[in-house]
Amino acid sequence: MDERKHEHHEHSGHESMKHEHHEHSGHESMKHEHHEHSGHDHHSHHEHMVADFRKRFWISLILTIPVLALSPLVQKLFGLSDVLRFSGDLYVLFGISTIIYFYGGYPFLKGFYEELKEKRPGMMTLIAVAISTAYIYSSTVVFGLEGEIFFWELATLIDIMLLGHWIEMKSVMGASRALEELAKLMPSDAHKLMPDGSLVDIPLEELKTGDIVVVKPGEKVPADGIIIEGESSLNESMLTGESKPVTKKKNDLIIGGSINGEGSLKVKVKNTGKDSYLSQVIELVKEAQESKSKTQDLANRAAVWLTGIALSAGALTFFVWTWIMEKSFVFALERTVTVMVITCPHALGLAVPLVVAVSTAISAKNGLLIRDRVAFERARNIQAIVFDKTGTLTMGKFGVTDIINLSKDMTEEDILNYAASIELHSEHPIAKAIANAAKNRMKVDNFKAIPGKGAEGNVEGKHVMVVSPGYLRENNIKVENKKIDELHSAGKTVVYVLIDSELKGAIALADIIRPESKEAIAKLKEMGIKCMMLTGDNKQVAKWVADELGLDEYFAEVLPHEKSQKIKEIQSRNLVVAMTGDGVNDAPALVQADVGIAIGAGTDVAVESADIVLVRSDPRDVVAIIGLAKNTYKKMIENLLWATGYNVIAIPLAAGVLYNWGILLSPALGAVFMSLSTVIVAINAKLLKLEK
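Please read all numbers here as calculations on a predicted model, not as lab measurements.

K.L.:
Would you mind going over the packing of aromatic side chains with me for this structure?
P.N.:
Any pair of aromatic rings gets described here by the distance separating the centres and the angle formed by the planes. One pass over the full model with this rule turns up 14 aromatic pairs. Judged by centre distance (5.7 Å) and plane angle (50°), the rings of Tyr91 and Phe143 are tilted. Highlighted residues: Tyr91 in helix H4 (residues 89-104) and Phe143 in the loop between helix H6 (123-142) and helix H7 (151-172), separated in sequence by 52 residues. On the basis of an interplanar angle of 80° and a centroid distance of 4.8 Å, the ring pair of Tyr101 and Phe102 is categorised as edge-to-face. Given the relative accessible area of 7%, Tyr101 is considered buried. On the basis of relative accessibility, which here comes to 47%, the residue Phe102 falls in the partly exposed class. Of the aromatic side chains, those joined through ring pairs into one cluster are Tyr91, Phe94, Tyr101, Phe102, Tyr135, Phe143 and Phe151.

K.L.:
I keep staring at a nonpolar patch on the surface and nothing clicks. Help me out?
P.N.:
A surface patch of nonpolar side chains, amounting to about 580 Å² of accessible area, comprises Leu316, Phe319, Trp323, Ile324 and Met325. Locating Met325 in the fold gives a position in the loop between helix H11 (298-324) and helix H12 (329-343). A relative accessible area of 36% places Met325 in the partly exposed class.

K.L.:
Quick question: what am I supposed to make of the side chain of Thr317 here?
P.N.:
Within the element layout of this structure, Thr317 appears in helix H11. Leave out the neighbours within four places in its chain, and Thr317 touches Arg335, Thr336, Val339 and Ala655.

K.L.:
What should I look at first to understand the sheet that holds strand S20 (residues 530-534) in this one?
P.N.:
Hydrogen bonds between backbone atoms are what pair the strands of a sheet, whose relative direction is either parallel or antiparallel. Strands sit in the order S12-S24-S23-S22-S13-S20-S21 across an open sheet of seven strands; the sheet is mixed. At either end of the open sheet lies a strand with only one pairing partner, and these are strand S12 (368-370) and strand S21 (553-555). For this sheet, the mean inter-axis angle between neighbouring strands, taken without regard to orientation, is 20°. As defined by bridge partners, S12 adjoins strand S24 (residues 612-614) across three bridges and the pair is classed as antiparallel. The partner of Leu369 across the bridge, within S24, is Val613.

K.L.:
Would you mind going over the pattern of salt bridges with me for this structure?
P.N.:
Counting across every chain of the model gives 24 salt bridges. Across the pair Lys492 and Asp402 runs a salt bridge, and its minimum N-O distance is 2.8 Å. With Lys492 in the loop between helix H19 (482-489) and strand S18 (493-499) and Asp402 in strand S14 (residues 394-405), this residue pair connects regions lying 90 residues apart in the sequence. Here the two residues Lys492 and Asp402 agree in accessibility, since each one is buried. Ionic pairing is found between Lys566 and Glu569, a salt bridge with its closest N-O pair at 3.7 Å. Note that Lys566 and Glu569 are positioned in helix H22 (residues 563-571) at a spacing of three residues, about one turn of the helix. The class for Glu569 is partly exposed, based on a relative accessible area of 39%. Three or more residues are tied together by salt bridges with common partners; here these are Glu519, Lys523, Asp618 and Arg620.

Criteria and thresholds
- Residues numbered from 1 in each chain as written.
- Predicted model: local features only at pLDDT ≥ 70, side-chain atom pairs only at ≥ 80, totals over all residues.
- Heavy atoms only, no water.
- Phe/Tyr/Trp six-rings, centres within 6.5 Å; stacked < 30°, edge-to-face > 60°.
- Helix = DSSP H or I, 4+ residues; strand = E, 2+ residues; numbered from the N terminus.
- Buried < 20%, exposed > 50% of the residue type's maximum accessible area, 1.4 Å probe, protein only.
- Patch = residues over 30% accessible without salt bridge, like charges linked within 9 Å, V, L, I, M, F, W, Y side chains within 5 Å.
- Areas by Shrake-Rupley, 256 points an atom, 1.4 Å probe, with all protein chains shown as cover.
- Salt bridge = Lys/Arg side-chain N within 4 Å of Asp/Glu carboxyl O.
- Contact = heavy atoms within 4.5 Å.
- Pairing = 2+ DSSP bridges.
- Axes fitted to C-alpha atoms, helices over the stretch in contact; angles between N-to-C directions.

Purely geometric stuff here, so don't read any function into it on its own.
Dropping the structure here:
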């Protein structure tokens, strides 16, 4: 990655998340080498650039005031020539303008040099040509050449362009800290079991393969390893996307970064450092970040055309007036300079940044955070959306979905209340879900856990047991119920309630589908977008969720490292693909997708790997962000048309095509045209709205 350069662009979106090398050059004056694990350095560099543009803008703006006051054209326009003229005033004007040209114009001149070096003219070339033409011509006029002074034009153009950069960079600022966030999932130290039986806390980097560590309830597992003693349920959802807590016992493999549940475990360390599962996910994220495609920016394309038009129109104007019309050199030069200066519309520098700033502000107010503008613009073309299941389409937590009453003398509510009263005393995630689902819970006496099978106790004089299907099999209790069979085939977890040794009912649990998911999928399908789902869960669970939501396609039992591969497969169908997810295991897929959308309520790493972050865990916000992307792009096109369209009239008039009819566009009138174009662009950007 060390050879790859970050190029910060005139209108590039800065690719703050992707570390991409773009086709257009923009702020290449600020190129810097991208070093390994440079998320933080890149972020600091970006902040430094924002501060630099802000400083250059304010200093240039303050210096523009005396430039305007001392410019003969402006004095004449406001009838202040007699008041503001003094001996040597033009030399003072030249001095202040020189500071603005070299200090305020530095980023553009440096960018112009970089664009020429790479033989890729763009916005920087257009700005540099305009300000240099104005500066060199005006300087020669101050020192004796007959003609108009354009220093006021030079100063205002630099101010506007600096403002455009500052607005854009502020609005899209954000850096990729995905690798840092992944590393944060690991605990800082581990409880190492010494040969004498004592526990010593050691830093994670000192752990070696073969070490024995103790993982207490509620703690993060410090490294990949094999359980040699103990049993517990582990929450691996942030790593694997598996919604159900996974029961782990002796000889089972556990992943570093997963969260231990209720039991204490002794673990023999298997993989550490680069060999660990988490490090491999980090590597996938890094690879996907490095392999992103190059993107060309709209405004830059317009700038390339305008640069060609400016140089061609300027040369043609000079040739026609000197050789064909046989006018004086001074007259021809003034017409040429007027054409060159007018061709660089102030509005073009603001056309895209203003829309970016407005759309970023609108989206932020609505809980839609745009981290990468180029990918956000790409969202308007999305043809397929791949949703992660756990925590995205579903709540990401266990809940009661069905209660089956097998008794004639009890209600479903009674069965739930008896079960919840018992489960209230258990730490197991399934128990907690049942306890949370009931409204009324009763006092329990003689509570006792049945290891690996459930729990029991006395409730209001009745002996109540909440047990697993395994307990029923061991005790030859047969259940014949079509509904329960359906629940099992849907991949739901089913527990049974026995009261005084009689089977009274069953409770089914699953990861609960978000109520908003169905509406979001329906709206996306209306937009002609294919809706798909990726999950680490089994096929029965995946099919149940897909059927409930009406998805077009689903992929089940997908291992975390295979998720980005699945995205590639879907992309190979020539589809523009968005990925929406919230877990660490989604990070490589989020980066691989054409547009990565993270549910903000998820893990930080998913947020940092994404182009767009949804603060709320509401899939309907995916619909909103696509709508905003379409509207934003429309406004950008409209603004670029306004910003460049006036050249159709301004250039021929500035060149003097109507000279024989007594019509010649003066620089002052050209300035009015430009101002009008800038105002229209600003108003149009403000009209952008979020359509949900």
